[in-house]
Each structure stands twice: as C-alpha cells, then as structure tokens.
Amino acid sequence: MTNPALNTLDRHHPQAWREAVRAGMPTLFGIAAWGLVVGVAMVKSGLSVPQALAMTLLVFAGSAQLAALPLIATGAPISVIFLTAVVVNLRFVIFAALLAPHFAHLPWRQRLMLGYVSGDLAVALFLQKYPDAAPQAGKLSYLKGLIYPNWSAWQVGSIIGIFVGSTVPPEWGLGFAGTLAIVCVMIPLVAGVPALCGVLVAGAVAVAGFGLPYKLGLLVAVVVGMLAAMLVESCVTQLRGRHV
Amino acid sequence: MSDLEIWIVIGALVLATATARSSLWLIGHHINIPKRVQDLLRYAPACALAAIIGPDLVLSPAGQVVLDLSNIKLLSGIAATLYYLLRRNMLETIIFGMACFTALRVWIG
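Since we're looking at a predicted model, the values are computed, not measured.

**What to know about the overall build of chain B**
Alright, step 1. Looking only at helices and strands, one finds four helices and zero strands in chain B.
Alright, step 2. Over its C-alpha atoms chain B spans a radius of gyration of 19 Å, topping by over 25% the 13 Å that the globule rule assigns to 109 residues.
Alright, step 3. Expressed along its principal axes, the backbone C-alpha trace of chain B runs to roughly 60 × 40 × 25 Å.
Alright, step 4. Among the 109 residues that make up chain B, the fraction classed as buried is 44%.
Alright, step 5. Long-range contacts, defined here as pairs at least 24 residues apart, represent 25% of the contacts in chain B between residues at least 6 apart.
Alright, step 6. Surface summary for chain B: the accessible area is close to 5,800 Å², and the carbon and sulfur share equals 67%.

Printed below as a string of structure tokens:
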C-alpha cells in the first residue's frame, strides 16, 4: 500500500509502544510459566530436544501444542493431529475477524506475521485500547508492544522447560501439568450453561470413544459436544422467550 | 512415531496455526462470518480441550474408566479446577494441582 497518510500512522510510536509493554507486563510471568509447562510436556511425550525447540519456535500455539502431544505419544494419524490443532485454534478465526480490519492496509507478509503471533492476550488487550477499526497513529506500535514481549516470554519459558524437562524423573508425572494447564485455558471458555453442557458431553464422548481407531473418538467428541451446546443454547433461548 | 513423522507433525501444526490465525488477516476484510457460524466456532475450542483432557483424567493406563478415590489424576484435576475458579491464576493452579497429585501419589503409591 502506498498511501502516504497511512504510512505515517504506522511509523514507530514510542509512547504507544511503552503503553502496550506496560499493559502486557503483568501477564508475562504467567505466559512464561505456561511456556515452561508446554516445554516440559513436549520432551515428556517423546520429542527430541531439536524437535521440541523447532515446535516451540515455529508453532507458537500453546493449547494446540498441548493438544497434539498426547496424540503424538499414542501415534495418532497426522491428519487427526492436524484437524485437532485446527479445531483448538478456531477461536483465532474470530479474533482475526475482529483484529484484521485494523491492519488491512499493511503488506500481506506483515499481516501474515502479525496474525501468526497474535495470541489471546494480545487480541483482548488491543481491542480494549482500540475498539474502533479506523486508522490511528500508534496502533501498530501498540500491537507490537503487546506481541513481541509476549512471544519472548513464551519462548524463554518454553526453552527452559525443554531443558529442565529432560532431567526430571518420569514418576513425578510432570506431563500432568499440561493437563492442568489445559483446564485453566478451558475454564474461561466455558461461559454459560450451553458451553458447560458442550464441554461435559465432549469429555464423556471422548472417554467413551477413546478406543476408536485413528483417534476418531476425539473428533466425534468435538462435533457432538458443539452440537449439544447449540441444542442447549436454542432450548435456553426458547425458554427465555416464553417467559418474557 | 518415527522422527520423520514428528517433523511432519510439526509442519502440520505450523500450517494449522497459520490457517486459523492468519488466513482472515490476509483475506478477512472481504468476509463477514455469519452469527450462527460464529456461535458454533465459539464452542469448538472448549469442546476440543475437554475431549483431550477427558480421557487423561478418567481412564486408567489400561483404558478402564476409574471414577473412585484411587484415581489421583481425577481428584487432583477436580481440586485444581476448584482452585482456578476461586483464584483465576494459571501458575498457582498448576502448582496447586501438581502438589495435590504428588501428595496423593506418595501417600497412595
């Protein structure tokens, strides 16, 4: 894009950058800890140190990585692991729909990278500060001030986890920390009765279908859980409608 | 899984993440996701995460459903869930859950 007005708006804006770093600071320790857990879980599920390092540096998606690890450990087909990672990442499609209009004028390579490293926290904090998609000076610097420290904290935690994880005895059960971390990611997503029903149904179907070939139980569980949530949602809406 | 397969998986994860995160950044300003689809997408991640941890919490290594007090992962998982609901802090929850798990493991095992 060669619009000079927009280029000026995207110039480095020290004040917006500092503000973003300050806004994201309190979350960095938690991000590093979460990275540490994923780093440990990666080597505990059989990845070599170079593979774990490559995964953390290239994938940068904690919940999708954690979701993939038990599947790698049990030798699930690659197609199933891919689909699982897509499903776990689906929330980012909505985030991207909210965030992308702010930066639609940037070159495509930059948009690709910005989208790739915009985690949950960056999206939430950015939209708090800039609810409106209209161009504004400092926006790009603000986003970068959120995502660069976030990315760095994640990688530092994760890399420490990879090297620490390979020295811890297996009977300590450190892999269980990954399950606990998923619990913490999942709970905030369970807002309301329909989502709770969906989660319970998905968990139960996954247990019932655990023995199915190709880990199909997992994907069936996601679909049945989603449909259960939608069904409960429409029932709740109808009930509300009747009482109004 | 062989070394090569794990490398392919890493590639697949890069692709999955890029598809979910970046595709709308590249083409998104032309697309409006219908409300109904947004609602469905909203439930997908939570359901997927539940489907991943469900078997780990409930099944024994032999694949049997264990819902009694001998299942220390389930007990620690429930304790950690309650802790997170009260405190909303991931780091503390993981430490608390691992402490429960370790205490039960040493005590029972």
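**Some thoughts on the UniProt feature "transmembrane region" (unreviewed entry) in chain B**
Residues and elements named next belong to chain B.
Alright, step 1. Per the UniProt record, "transmembrane region" (unreviewed entry) is annotated on residues 6-28, 40-59 and 65-86.
Alright, step 2. Annotation note: span residues 40-59, helix share 95%, strand share 0%, distance between end C-alpha atoms 28 Å.
Alright, step 3. Span residues 65-86 is 68% helix and 0% strand, its end C-alpha atoms 28 Å apart.

**Observations concerning the packing of aromatic side chains**
Residue and element names in this part refer to chain A.
Alright, step 1. Tallying each qualifying case throughout the model produces twelve aromatic pairs over all chains.
Alright, step 2. Taken together, a centroid distance of 5.5 Å and an interplanar angle of 50 degrees make the contact between Phe 103 and Phe 126 tilted. Residue Phe 103 is located in the loop between α6 (91-99) and α7 (108-117), and its partner Phe 126 is located in helix α8 (residues 120-129); the two are separated by 23 residues in the primary sequence.
Alright, step 3. Residue Phe 103 is classed as buried on the basis of its relative accessible area of 1%.

**Side note on the packing of helix α5 (residues 78-88) of chain A against helix α12 (residues 216-243) of chain A**
All names here are of chain A.
Alright, step 1. Interhelical geometry of α5 versus α12 gives an angle of 25 degrees and a closest axis separation of 10 Å. When the axes of α5 and α12 are compared, the pair comes out roughly parallel. Along this stretch, α5 crosses α12, giving a crossing that reads as left-handed. Facing Val 80, Leu 83, Thr 84 and Val 87 of α5, the residues of α12 in contact are Leu 218, Leu 219 and Val 222.
Alright, step 2. Class assignment of the residues belonging to the contact of α5 with α12 gives a composition of six nonpolar, one polar and no charged.

**Focus: the interface of chain B and chain A**
Alright, step 1. Taken together, the contacts link 63 residues of chain B with 83 residues of chain A.
Alright, step 2. Both faces combined, the contact of chain B with chain A buries some 6,700 Å², and carbon together with sulfur accounts for 82% of it.
Alright, step 3. It is Arg21(B), Trp25(B) and Tyr43(B) that lose the most area in chain B upon contact with chain A, and together they represent 14% of the buried surface on that side.
Alright, step 4. For the interface between chain B and chain A, the tally reads one salt bridge.
Alright, step 5. With a closest N to O distance of 3.4 Å, Glu233(A) and Arg42(B) form a salt bridge.
Alright, step 6. Linking chain B to chain A there are ten residue pairs in polar contact (both at pLDDT 80 or more).
Alright, step 7. For the side of chain B that touches chain A, the secondary structure elements donating two or more residues are α1 (3-27), α2 (35-58), α3 (72-87) and α4 (90-108) of chain B.
Alright, step 8. Counting residues per element, the side of chain B that touches chain A draws most heavily on α2(B), at 22 residues.
Alright, step 9. Here the residues of the side of chain B that touches chain A sort into 43 nonpolar, ten polar and ten charged.

**Description of the side chain of Ser63(A)**
Alright, step 1. Its location among the elements puts Ser63(A) in helix α4 (residues 62-73).
Alright, step 2. Overall, the relative accessible area of 4% leaves Ser63(A) in the buried class.
Alright, step 3. Not counting the four nearest positions on each side in its chain, Ser63(A) is found in contact with Trp34(A), Val88(A), Arg91(A), Val185(A) and Leu49(B).

Cut-offs and rules
- Residues numbered from 1 in each chain as written.
- Chains lettered and ligands numbered in written order.
- Predicted model: local features only at pLDDT ≥ 70, side-chain atom pairs only at ≥ 80, totals over all residues.
- Heavy atoms only, no water.
- Helix = DSSP H or I, 4+ residues; strand = E, 2+ residues; numbered from the N terminus.
- Rg over C-alpha atoms; globule rule 2.2 N^0.38 Å.
- Buried < 20%, exposed > 50% of the residue type's maximum accessible area, 1.4 Å probe, protein only.
- Contact = heavy atoms within 4.5 Å.
- Areas by Shrake-Rupley, 256 points an atom, 1.4 Å probe, with all protein chains shown as cover.
- UniProt positions renumbered as here; feature names shortened; annotations may be inferred.
- Phe/Tyr/Trp six-rings, centres within 6.5 Å; stacked < 30°, edge-to-face > 60°.
- Axes fitted to C-alpha atoms, helices over the stretch in contact; angles between N-to-C directions.
- Parallel < 35°, antiparallel > 145°, perpendicular 65-115°, else oblique.
- Left-handed = near helix turned anticlockwise from the far one by under 90°.
- Nonpolar A, V, L, I, M, F, W, Y, C, P; charged D, E, K, R; others polar.
- Buried area = accessible area lost by both parts, 1.4 Å probe.
- Salt bridge = Lys/Arg side-chain N within 4 Å of Asp/Glu carboxyl O.
- Polar contact = N/O pair within 3.5 Å; in protein donor to acceptor, adjacent residues only side chain to side chain.

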